[in-house]
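Observations on the model geometry
The primary structure of each chain is shown beneath.
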Amino acid sequence: MITLYGAGEGFGLPEISPYVTKTEVQLKMAGLGYMKARAHPQESPKGQVPFIDANGVRIADSTFIRGYIERTYGVDFDEGLDAVQRAQAWAIERMMENHFSWTLVTERWLDPENFAKGPAHFFDGAPEGVREMVLDEVRRNVRAVGVGRHTDLEIVALAVRSLAAVSTILGDKPYLFGSRPCGADATVFGVLAGILTPFFTGEIRRRAEGFGNLVAYVDRLMAQFYPEFEWDLEASVRAPVAA
């Protein structure tokens with residue numbers, strides 16, 4: 001039995017972390033039995049979630065977990081893709097994980113309203129006397145990362161360019177490369193759901209809602225992989241705003 005350690009449900013999502021979502025979807029795609037448990041990042045071998053325990057073997061980081069699953073269980077998440085498509089899938093994953101996801105972080109962590117209702121609660125257990133100092137420190141750390149150093153308009157422009165790229169690649173297909181999901185679909189779905197959740201507000205989310213095929217894509221994969229979770233993004237995007 002595999003145990004997947006993550007942050008748990010929250011922020012209007014079945015899993016707070018898009019990286020945990022990626023791994024969970026890949027476990028479902030592989031048809032592997034697993035149980036899920038909450039964990040703090042410091043409990044992980046690499047100080048981050050997700051990590052898994054597979055019969056006593058602990059593997060951290062979603063990309064290395066994927067590799068372990070493929071090697072150990074004989075799974076090829078990119079089965080049916082040719083060499084060029086496999087290369088494109090890798091490039092898409094890196095764009096979404098290592099670049100676009102940081103624009104998601106800035107919208108959650110650097111917007112005061114979003115931060116107060118969401119990530120700030122990660123530190124509710126900190127001693128009252130030092131909590132504000134801790135919150136200031138973690139937000140400074142986010143700003144210190146490459147994307148966080150740009151202006152708000154520059155960050156939005158970078159995010160929109162990546163959204164447009166994924167939208168173009170997806171087109172009118174059900175999945176990135178055709179009629180069946182591949183490993184990169186788990187990544188893209190997790191990150192897009194993270195930016196589109198109605199729990200947070202922001203310009204990047206608003207721009208993402210303008211890509212109809214991406215909204216439909218997230219709805220489709222949410223229904224496929226989390227059928228028990230209440231989610232209908234297209235309906236919420238179409239709903240009129242109260243005056």
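This write-up is about the structure you can find in this document.

Parameters at a glance
- Residues numbered from 1 in each chain as written.
- Predicted model: local features only at pLDDT ≥ 70, side-chain atom pairs only at ≥ 80, totals over all residues.
- Heavy atoms only, no water.
- Helix = DSSP H or I, 4+ residues; strand = E, 2+ residues; numbered from the N terminus.
- Contact = heavy atoms within 4.5 Å.
- Pairing = 2+ DSSP bridges.
- Right-handed = clockwise from strand over helix to strand, strands pointing away.
- Phe/Tyr/Trp six-rings, centres within 6.5 Å; stacked < 30°, edge-to-face > 60°.
- Buried < 20%, exposed > 50% of the residue type's maximum accessible area, 1.4 Å probe, protein only.

For the rest of this paragraph, the subject is the side chain of Thr3. Residue position: Thr3 is located in strand β1 (residues 2-6). Among residues more than four places away in sequence, those in contact with Thr3 are Met35, Ala37, Phe51, Ile52 and Asp53.

Relative to strand β2 (residues 34-38), β1 is paired through five bridges, and the arrangement is parallel. Opposite Ile2, over in β2, you have Tyr34 as the bridge partner. Note that the unit made of β1, helix α1 (residues 18-30) and β2 has a crossover that is right-handed.

Before going further, it helps to examine the packing of aromatic side chains. Considering all chains together, one arrives at nine aromatic pairs under this definition. Between the aromatic rings of Tyr5 and Phe51, the centroid separation amounts to 4.5 Å while the plane-to-plane angle is 10 degrees, which identifies the pairing as stacked. In this pair, Tyr5 sits in strand β1 while Phe51 sits in strand β3 (residues 51-54), placing the two residues 46 residues apart along the sequence. We classify Tyr5 as buried; its relative accessible area is 16%. In this structure Phe51 comes out as buried when scored by relative accessible area, which is 1%. Ring centres 5.4 Å apart and planes at 20 degrees place the aromatic pair Phe11 and Phe199 in the stacked group. Taken together, the residues span a long stretch of sequence, with Phe11 in the loop between β1 and α1 and Phe199 in the loop between α7 (183-196) and α8 (203-209) at a distance of 188 residues.

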